[in-house]
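Here is how the chains run, residue by residue.
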Amino acid sequence: MIVVTGATGNVGRRLVELLTAAGERVTAVSRRTAELPAGVRQVRGDLDDPAGLKDAFDGADALFLLVAGQDPQAILGAARAGGVRRVVLLSSQGAGTRPEFYRHPAAFEDAVRRSGLEWTILRPGGFHSNAYAWAESIRGGRTAAAPFGDVGLPTIDPADIAEVAATVLREGGHAGRVYELTGPAPTTPRERAAAIGAALGAPVRFAEQTREEARAQMLQFMPEQVVEGTLAILGEPLDAERQVSPDVERILGRAPRSFADWAGRNAAAFR
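These lines cover the structure that appears in this document, whether it is placed above or below. (Residues numbered from 1 in each chain as written. Predicted model: local features only at pLDDT ≥ 70, side-chain atom pairs only at ≥ 80, totals over all residues. Heavy atoms only, no water.)

Things to note about the pairing of strand E1 (residues 2-5)
Thinking step 1. Burial along E1 is two-sided: Ile2 and Val4 and Val3 and Thr5, pointing in opposite directions, are all buried.
Thinking step 2. For E1 and strand E2 (residues 26-30), the ladder comprises four bridges, and the chain directions are parallel. Along E2, the bridge assignment pairs Ile2 with Val26.
Thinking step 3. Chirality of the crossover, the property in question, places the unit of E1, helix H1 (residues 12-21) and E2 among those that are right-handed.
Thinking step 4. Across three bridges, E1 lies against strand E4 (residues 62-66) in parallel orientation. Residue Val4 lies in a different strand from E4, and its bridge partner there is Phe64. (Buried < 20%, exposed > 50% of the residue type's maximum accessible area, 1.4 Å probe, protein only. Helix = DSSP H or I, 4+ residues; strand = E, 2+ residues; numbered from the N terminus. Pairing = 2+ DSSP bridges. Right-handed = clockwise from strand over helix to strand, strands pointing away.)

Quick notes on the sheet that holds E4
Thinking step 1. Overall, parallel pairing links the seven strands, which are arranged E3-E2-E1-E4-E5-E6-E8 in an open sheet. Because the sheet does not close on itself, it has two edges, and the strands there are strand E3 (41-44) and strand E8 (177-181). Averaged over all neighbouring strand pairs, the angle between strand axes comes to 15°, with direction disregarded.
Thinking step 2. The sheet contact formed by strand E6 (residues 118-124) and E8 spans five bridges and is parallel. By the bridge assignment, Leu122 is partnered in E8 with Tyr179. (Axes fitted to C-alpha atoms, helices over the stretch in contact; angles between N-to-C directions.)

Description of the pattern of salt bridges
Thinking step 1. Evaluation of the coordinates by the stated rule reveals 22 salt bridges.
Thinking step 2. For Glu17, the salt bridge goes to Arg14, with nearest N and O atoms at 3.2 Å. With Glu17 and Arg14 both in helix H1 and three residues apart, the pair spans about one turn of that helix.
Thinking step 3. Take Arg14: its relative accessible area is 34%, and that puts it in the partly exposed class.
Thinking step 4. Close ionic contact of Arg250 with Asp247 constitutes a salt bridge, the shortest N to O distance being 3.4 Å. You can see Arg250 and its partner Asp247 sitting in helix H12 (residues 247-252), three residues apart, about one turn around the helix.
Thinking step 5. On the accessibility criterion, Arg250 (63% relative accessible area) is exposed.
Thinking step 6. On the basis of relative accessible area, Asp247 is assigned to the buried category, the value being 10%.
Thinking step 7. One continuous salt-bridge network, built from bridges that share partners, spans Glu109, Arg113, Arg123 and Glu180. (Salt bridge = Lys/Arg side-chain N within 4 Å of Asp/Glu carboxyl O.)

This is the structure in structure tokens:
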């Protein structure tokens, strides 16, 4: 049995679908229940309460783990006690490139490495789906605002992350590996706004924010140190953060999906 935490999120929901379609027994863990494929066992749980996850872990042999909660060692200890032998951690590119800002995912990576479990770490950069932050302004005024409008980064489709995770969870040969997950090419915020406009068949105006405007907005839902790290990546990316990784194609045998592809499949969110 495979336990999927964050099972109702952009990555987790698709991962549950893929694993179920492949015939795996799945326990979906989330704070709220949701409509998931038939046969999926749903458990309401919170990674901030590792003791409360005992029921989810009992009888499981593999775990897909989000960076959530404050005590990764306790989470992994509960998983190990339940029978889990393998863990796939969804971390962040920043844990490798800017650990001074991304201390939380870096701490989870360290705990996973020390857990005694067979482990694999996935480090995606920015998600295509971060563009959902524009949904309201595009629906209401065909405008998308972001800082650093002409700085390109190779963001990734959450569906590709889910497909990589499903493959790693089901196949051997991935133990002790760290995979950097990116899209097929860097795109700028200005280009991503234009791609959404093309998917809608109506132009989307790009409005460039100042760094301070973006910082104030991000502080409403992100910790300050993560905001600073994110702005550094968005505005002055390191070579490693600009680079397109071959890992998605190596694992899946195909190129990762483009932002334009994601925009076309999700255009309804912006109408």
